[in-house]
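Chains, contacts and geometry: an overview
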Amino acid sequence: MTDPSRRSFMRSLGVLAGSAAVLSTAPWLASCSADKQAAVTGERARIALIGTGSRGQYHLHNLKLIPHSEVVALCDIHQPHLDEASQLFPEAKTYTDYHALLDDPDIDGVIIATPLGTHARITLDALDAGKHVFCEKAMALTLDECKEVYERYKQCDNVLYYCMQRMYDEKYIRGVQMINDGLIGDVVGMRCHWFRNADWRRDCPDPSLERLINWRLYRETSGGLMTELASHQLEVCSWVTGKMPSKIMGMGDIIHWKHDAREVYDTVNVVYKYSDGRTISYESLISNKYNGMEDQILGSRGTMNLATGLYYLEEDNSRSGIKQLLSSVRESVFSAIPAAGPSWRPETADAYIPHSILDGVTHVNNGQSTIGADHDGSEDILASFCQACITGERAVNVVEEAYSATALCLLGNKAIEEGTTIDFPDEYKIPYMKF
Ligand SMILES: NC(=O)c1ccc[n+]([C@@H]2O[C@H](COP(=O)([O-])OP(=O)(O)OC[C@H]3O[C@@H](n4cnc5c(N)ncnc54)[C@H](O)[C@@H]3O)[C@@H](O)[C@H]2O)c1
């Protein structure tokens, strides 16, 4: 966490935001352009954290590297977590009731890193208290809560961010820009998956704390795999297409972690269909990690794998000499093998040397951590929020993207529960959405 290169993350965001082409792909970057960053030099946003568990402490480590932030208050209802956070920022005031924290006039912005079931209530209370808000994904546990938060946001002037960090991850931004520029042809479909082999269960020192510590496993506090994992990936699909699917069907179950009283599925398969026939195929399983985590955008001329930072062209005329040489060696090896098996061999992505979206080092999140991955955009979106706490400038479309992604997650769960294909309900559509 002390890598000094991380200090440059705002600078690189500023450079990205300087390009008109990038801004048309990621308009939310406009609020953190280099000149706007320079304008807040020397100022510091007074930040409070509500929810000092694992993700909250991850944000605290990032805040130590954000020069335009000052952590002034911490809140948690679980004393051991509050004590751990206090060790990172001993000067910060501590609270066990977030309402008391929100009464403090010396706080500009609050970060909410509590369980999903509390996101909407705390966000509404913080906005009503006049604070700027950075809330962890997903937006809320129910569609009605999403709508209520969205409407309150539209009525007030406060800044509101959701931690959809792929929106600030350079390989995603550049990759989506390449898609918009036509590199992979027409986008004909999307395949996203997230596989882990970990039960999500945390050690619980006292049974009375089970639902607080293991909130992810219970439906009153968690939407399971859809809100915890798919939310990030479905956001990318809406971002790429600029559209929303109109029909949702899915299946899910508890197939492996059966005996620990959990209520959320440990496997889900959900298909989202757009009005033009395209689909998003989404799959997640937490009892096998072979496939890892990928966000694949399938085009008529290639495939953009945004999670790995690589792309593949169907007919590749642009490969370097060394890549062509490797390829022809491989082809001659295969053609020398006597045809004992099928004469047809599938064209797989493995047999192809892909291109990188970014020059130089690409940071790839293998999706196995439940806390976060370095350089995945989380520090950038948080730095952008801290700047917004000083300027009061909202980041374009961040709330709308979070609303759209959360709605897709919650509707995925609904489709699984009902066992039918459901239509995107009219009452939860917002003007931002195109179907
Ligand atoms: N963006 C990402 O990549 C990412 C990664 C991990 C977690 N998250 C999100 O972060 C949030 C927290 O996840 P976590 O793994 O840190 O959970 P956690 O259980 O480790 O931490 C949550 C903390 O909130 C506290 N809390 C609960 N109710 C509270 C209340 N009313 N007031 C104050 N504190 C309260 C708990 O005591 C706990 O310390 C979740 O929404 C999760 O989805 C996001």
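Comments concerning the site of the ligand
- Near the ligand, the surroundings consist of 27 residues, among which Gly51, Gly53, Arg55, His78 and Glu136 are the closest.
- With three residues, the single largest contributor to the shell around the ligand is helix H4 (residues 54–63).
- Each of domain 1 (4–167 + 371–395) and domain 2 (178–370 + 403–428) accounts for three or more of the residues forming the shell around the ligand.

Comments concerning the sheet that holds strand S4 (residues 109–112)
- Spatial ordering of the open sheet is given by S3-S2-S1-S4-S5-S6, a layout of six strands whose pairing is parallel. Sheet topology places strand S3 (93–95) and strand S6 (160–162) at the edges, where each strand pairs with a single neighbour. Shown here is a sheet whose adjacent strand axes are inclined to one another by a mean of 25 degrees, direction ignored.
- Note that strand S1 (residues 45–50) and strand S2 (residues 69–75) share six bridges and pair parallel. Residue pairing across strands places Ala45 opposite Ser69, the latter belonging to S2.
- Packed on one face of the sheet, helix H7 (residues 119–128) meets S1, S4 and strand S5 (132–135) and runs near 165 degrees to S5.

Considering the nonpolar core
- Counting residues in hydrophobic clusters, the biggest one holds 116 residues, and the most contacted among them are Ile47, Ala48, Leu49, Ile50, Ala73, Tyr161 and Tyr162.
- When we break this core down by domain, the ones giving at least three residues each are domain 1 (4–167 + 371–395) and domain 2 (178–370 + 403–428).
- Aside from chain neighbours lying at most four places away, what touches Ile47 is Leu63, Ser69, Glu70, Val71, Val72, Gly109, Ile111, Cys386 and Cys389.

A short note on helix H8 (residues 143–155)
- Across its 13 residues, H8 extends 19 Å between first and last C-alpha, which sits within 8% of the 18 Å expected from 1.5 Å per residue.
- Residues of H8 that are buried: Glu145, Cys146, Val149, Tyr150 and Tyr153. Considered in projection along H8, the buried side chains sweep an arc of 130 degrees and stay on one side of the axis. Of the residues in H8, the exposed ones pointing more than 90 degrees away from the buried face are Asp144, Glu151, Lys154 and Gln155.
- Contact partners of the buried residues in H8: H7, S6 and helix H14 (398–418).

A few points about the pairing of S5
- Here S5 shows two buried faces, one formed by His132 and Phe134 and the other by Val133 and Cys135.
- Crossover connection from S4 via H7 to parallel S5: handedness right-handed.
- Pairing of S5 with S6, which is carried by three bridges, proceeds in the parallel orientation. The residue bridging Phe134 from the neighbouring strand is Tyr161, located in S6.
- As for the winding sense of the linkage, the β-α-β connection from S5 through H8 to S6 is right-handed.

Some thoughts on unusual backbone geometry
- Lys137 connects to Ala138 through a cis peptide bond whose omega is -10 degrees.
- Relative to the helices and strands, Ala138 is located in the loop between S5 and H8.
- Positive phi values are uncommon outside glycine, yet Trp200 reaches one of about 75 degrees.
- Position of Trp200 relative to the elements: it lies in the loop between strand S7 (187–195) and helix H10 (210–213).
- Given 19 C-beta atoms within a 10 Å radius, Trp200 is considered partly exposed.

Quick word on the pairing of strand S10 (residues 279–285)
- Across six bridges, the pairing between S7 and S10 is parallel. In the sheet register, Cys192 faces S10, and the bridge partner there is Tyr282.
- Relative to S10, strand S9 (residues 267–273) runs antiparallel, the two sharing seven bridges. Each bridged residue has a counterpart across the sheet, and for Val268 the counterpart in S10 is Ser284.
- Linking S9 to S10, which pair antiparallel, is a turn of five residues; within it Gly277 sits at a positive phi near 100 degrees.

Some points on the domain arrangement of the protein chain
- Under the domain assignment used here, the protein chain contains domain 1 (4–167 + 371–395) and domain 2 (178–370 + 403–428).
- Inter-centroid distance (C-alpha atoms) of domain 1 to domain 2 is 27 Å.
- Counting from both sides, the interface comprises 23 residues of domain 1 and, opposite them, 23 residues of domain 2.
- Here the side of domain 1 that touches domain 2 gets four residues from one element, more than from any other, and that element is H8.

Brief notes about the packing of helix H11 (residues 224–241) against H14
- At a minimum axis distance of 8 Å, the contact between H11 and H14 shows a crossing angle of 125 degrees. Taken together, H11 and H14 sit at an angle that is classed as oblique. Of the two possible hands of crossing, H11 and H14 adopt the one that is right-handed. Touching Met226, Thr227, Ala230, Ser231, Leu234, Glu235, Ser238 and Trp239 of H11 are Glu401, Ser404, Ala405, Thr406, Leu408, Cys409, Gly412 and Asn413, all from H14.
- Here the contact of H11 with H14 is composed, by residue class, of seven nonpolar, seven polar and two charged.

Calculation rules
Residues numbered from 1 in each chain as written. Predicted model: local features only at pLDDT ≥ 70, side-chain atom pairs only at ≥ 80, totals over all residues. Near = placed C-beta within 6 Å. Helix = DSSP H or I, 4+ residues; strand = E, 2+ residues; numbered from the N terminus. Domains from an automatic or database assignment. Pairing = 2+ DSSP bridges. Axes fitted to C-alpha atoms, helices over the stretch in contact; angles between N-to-C directions. Contact = placed C-beta atoms within 7 Å. Core = buried A, V, L, I, M, F, W, Y, C linked by C-beta atoms within 7 Å. Buried ≥ 20, exposed ≤ 12 C-beta atoms within 10 Å, placed from the backbone. Expected span 1.5 Å × (residues − 1). Arc of directions from axis to C-beta. Right-handed = clockwise from strand over helix to strand, strands pointing away. Parallel < 35°, antiparallel > 145°, perpendicular 65-115°, else oblique. Left-handed = near helix turned anticlockwise from the far one by under 90°. Nonpolar A, V, L, I, M, F, W, Y, C, P; charged D, E, K, R; others polar.

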